Amino acid sequence: LAACSKTSEYTNVIPADASVVASINLKSLASKAGLDDKENEAAKQKILEALKSGMNAATFQQLEKIMKNPSESGIDVESPVYVFSSSSFPYPTIVGKVSNEDNLHASLDVMAKEQICQPVGEADGYSFTTMNSGLLVFNSSTILVVNVSGTTQTDKAKESITNLLKQTASNSIVKSGAFQKMEKQKSDINFFASMTAIPSTYRDQITMGLPTEVKAEDITLIGGLNFEKGKIALKTENYTENEAVKTLLKKQMESVGKANNTFVKYFPASTLMFFNVGVKGGELYNLLSENKEFRNTVSIAKADEVKELFSSFNGDISAGLINVTMSSAPTFMMYADVKNGNALEMIYKNKESLGLKRGEDIMQLGKDEYVYKTRGMNIFFGIKDKQMYATNDELLYKNVGKAADKSVKDAPYASDMKGKSLFIAINAEAILDLPIVKMVAGFGGQEAKTYIELANKVSYLSMSSEGEVSEIDLCLKDKDVNALKQIVDFAKQFAGM
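Residues numbered from 1 in each chain as written. Predicted model: local features only at pLDDT ≥ 70, side-chain atom pairs only at ≥ 80, totals over all residues. Heavy atoms only, no water.

## With respect to the overall build of the chain
- Check the secondary structure of the chain and you find 18 helices and 20 strands.
- C-alpha atoms of the chain, sized along the principal axes, occupy 85 × 55 × 40 Å.
- Relative to its full complement of 497 residues, the chain shows a buried share of 40%.
- Taking as baseline every contact in the chain between residues at least 6 positions apart, the subset at least 24 positions apart corresponds to 64%.
- The averaged location of the 61 negative side-chain charges in the chain is 4 Å from the averaged location of its 56 positive side-chain charges. (Helix = DSSP H or I, 4+ residues; strand = E, 2+ residues; numbered from the N terminus. Buried < 20%, exposed > 50% of the residue type's maximum accessible area, 1.4 Å probe, protein only. Contact = heavy atoms within 4.5 Å. Lys, Arg positive; Asp, Glu negative; His and termini not counted. Charge placed at Lys NZ, Arg CZ, Asp CG, Glu CD.)

## Quick word on the pattern of salt bridges
- Under the defined criterion, the tally for this structure stands at 10 salt bridges.
- Two residues, K246 and E243, come together in a salt bridge whose shortest N-O distance is 3.4 Å. Of the two residues, K246 and E243 are both situated in helix α9 (residues 243-254); the distance of three residues between them amounts to about one turn of the helix.
- Residue E243 is classed as exposed on the basis of its relative accessible area of 53%.
- With a shortest N-O distance of 3.8 Å, E394 and K398 are connected by a salt bridge. Of this pair, E394 and K398 are both found in helix α14 (residues 394-398), four residues apart, which corresponds to roughly one turn of the helix.
- On the accessibility criterion, E394 (44% relative accessible area) is partly exposed.
- The exposure class of K398 is exposed, given its relative accessible area of 56%. (Salt bridge = Lys/Arg side-chain N within 4 Å of Asp/Glu carboxyl O.)

## Looking at a nonpolar patch on the surface
- Taken together, the side chains of M326, M439, V440 and F443 present a nonpolar region at the surface, about 490 Å² in accessible area.
- Structurally, the position occupied by M439 is in helix α16 (residues 435-442).
- Judged by relative accessible area, M439 falls into the partly exposed class, the value being 37%. (Patch = residues over 30% accessible without salt bridge, like charges linked within 9 Å, V, L, I, M, F, W, Y side chains within 5 Å. Areas by Shrake-Rupley, 256 points an atom, 1.4 Å probe, with all protein chains shown as cover.)

## A short note on the nonpolar core
- Membership of the largest hydrophobic core comes to 28 residues, with the highest contact counts inside it found for I14, V21, V146 and I161.
- At the level of elements, β1 (18-24), β2 (81-86), β5 (126-131), β6 (134-138), β7 (142-146), α6 (150-166) and α7 (177-183) are the ones that each hand at least two residues to this core.
- It is α6 that provides the largest number of residues to this core, a total of four residues.
- Filtering out sequence-adjacent residues up to four positions away, V21 remains in contact with I14, Y82, V83, F84, F179, M182, N190, F191 and F192.
- Membership of the second largest hydrophobic core comes to 21 residues, among which are I322, M333, M417 and F423. (Core = buried A, V, L, I, M, F, W, Y, C linked by side-chain atoms within 4.5 Å.)

## Some words on unusual backbone geometry
- Its identity is not glycine, yet N261 carries a phi of approximately 55 degrees, on the positive side.
- The residue N261 is located in the loop between α9 and β11 (273-280) in this model.
- Here the phi dihedral of D385 falls at roughly 55 degrees; this positive angle occurs in a residue that is not glycine.
- A residue is classified by how much of its surface remains accessible, and D385, at 68% relative accessible area, is exposed.

## Digging into helix α10 (residues 281-289)
- Burial in α10 covers these residues: G281, Y285 and L287. Buried residues of α10, viewed axially, fall in a sector of 160 degrees; they line one side. (Arc of directions from axis to C-beta.)

## Observations regarding the packing of helix α4 (residues 57-68) against helix α5 (residues 101-113)
- Running from N to C, α4 and α5 point in directions that differ by 135 degrees, and their axes come no closer than 10 Å. By the criterion of interaxial angle, the relationship of α4 to α5 is oblique. For the element pair α4 and α5, the recorded crossing hand is left-handed. Contacts between α4 and α5 involve T59, Q62 and I66 on the former and, on the latter, N103, A106, S107 and V110. (Axes fitted to C-alpha atoms, helices over the stretch in contact; angles between N-to-C directions. Parallel < 35°, antiparallel > 145°, perpendicular 65-115°, else oblique. Left-handed = near helix turned anticlockwise from the far one by under 90°.)

## Topic: the pairing of strand β10 (residues 231-239)
- Of the pairings in the sheet, the one linking strand β9 (residues 220-228) to β10 comprises nine bridges and is antiparallel in character. Bridge pairing links N226 to A233 in β10.
- Hairpin connection between β9 and β10: a loop of two residues separates the two successive antiparallel strands, and G230 in this loop has a positive phi of roughly 70 degrees.
- Pairing of β10 with strand β20 (residues 469-476) involves seven bridges; the strand directions are antiparallel. Paired with I232 across the strands is L474, a residue of β20. (Pairing = 2+ DSSP bridges.)

## With respect to the pairing of β20
- Examined bridge by bridge, strand β19 (residues 458-466) and β20 share eight bridges and lie antiparallel to one another. Directly across from M463, in β20, lies its bridge partner I472.
- From the end of β19 to the start of β20, which pair antiparallel, there are two residues, and G467 there has a positive phi angle of about 65 degrees.

## A short note on the confidence of the model for the chain
- Across the chain, pLDDT averages 87, with 93% of residues at or above 70.
- Low pLDDT, under 50, characterises residues 1-7; the stretch is placed with two contacts to residues that sit more than four places away or in other chains. (pLDDT = per-residue confidence, 0-100.)

## Re helix α2 (residues 26-33)
- All buried positions along α2 are accounted for by S28, L29 and A33. Down the axis of α2, the smallest arc covering the buried residues is 125 degrees, so these residues share one side.
- If you check the start of α2, you find a side-chain oxygen 3.3 Å away from the backbone N of K27, and it comes from N25.
- Positive backbone phi, at 80 degrees, marks G34, one or two positions downstream of α2. (Polar contact = N/O pair within 3.5 Å; in protein donor to acceptor, adjacent residues only side chain to side chain.)

## Remarks on the environment of Q115
- Structurally, Q115 is set in the loop between α5 and β4 (121-123).
- Looking at Q115, the relative accessible area reads 72%, which means it is exposed.
- The sequence separation of Q115 and M131 amounts to 16 residues, and the corresponding C-alpha distance is 9.0 Å.

## Looking at the packing of aromatic side chains
- By the definition in use, this model includes 17 aromatic pairs.
- Ring geometry for F84 and F89: centres 6.3 Å apart, planes at 40 degrees, overall tilted. F89 shares its class with F84; the two are buried.
- Members of the aromatic cluster, connected to one another through ring pairs, are F263, Y266, F267, F274 and Y335.
- When the ring centre of F128 is taken as reference, the NZ or CZ atom of K158 above it lies at 3.8 Å. (Phe/Tyr/Trp six-rings, centres within 6.5 Å; stacked < 30°, edge-to-face > 60°. Lys NZ or Arg CZ within 6 Å of the ring centre and 35° of its normal.)

What follows is the structure, given as structure tokens:
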């Protein structure tokens, strides 16, 4: 009797072969968006008043009750909502937890009276209704919203749903190690995406040249999206149970090291896009040499030269997009820690084999100083104090090795770079300050003005890697208010609420 009365855990309906699953914490999102704040009560009341005139009394009463207390809908809004994609059940599906089946039935009956959905029907072990967005199915523990179109898809989905609702933890996604690791994360939105979700053509390209035991479908990306004060953070890491893949991932991490931020002082704080990575050239070459495609590309005769070229890089490589104008090519600057100038000397001596086009040439300006000349621009490059440099701006070339008055060390993202092996930053403030952007915005009308106003709330976008974890951060100027609340407040302002 006890076993029969026990309700099934709602996550058991997610198929074991689900290639993409996301877990959404509605309670956390609502709290961070400020939906329960007193300042939003007036907005809620405006919405209710607007809806009241078009509804009968019973419908409005039910809607008012749900808006004041969402759990009255019969859905457990404090438990995560899941979204999944699966090959065995090929319809995008949302899964939620039912807290009160009678309340859910009552809510749907009201919707049916308003012709939002069809009257609730009964099938094998569940109740269902259809609406414009697809099929809605529920029982005492689980609600499914299935994105189907047409009678044929709807009937096929209904045939499979009976089996999904009978699944246990042992034959569902719940048994997956990737799912279990995803569930331990504390983000507002957690997810995992298996490489099986990528079409086979692209999976084959990803693993091209790698050992046969390294299979892309054995790699799963696990991540979490979190809304924080002044920041939207997306963290990801790779998950696999394949030992060969684990070995490959370990070697990839060994080919990079923590950047020393050696060159940040040379780049102005107004740099539009900044790139910084710590490289171990020898380990990187060893990793690439295990790839069949790389070995086939590099002839045996050139292997020693290529190895020496890679091995000469040992330390930081930094690059920056400095300026963009309408009159010339974008200005860039690059620095790299190198052991010697052999790499550049090799390029100069072998320039005839580089396939230079008409009007292109590489000329030596002095010891370890060169210029690559084209019809459109010149790229100056060379070695100074064991630091390789390259730039297409003559003024920057003449000031190589000189610190900027106000450098990237003073940029808003400077502290985020510490301890990272890879760091990329896009400086939104500097981009919006460009004359070319201001000019374009001036001709864009009200729509462009709105976009610029939204962009002005952003300080910078950064992408970084530290150990096994990669992170993308959208950082806002206002560091004291949650990023989601700032987005909601802007939307309210835009809607005139």
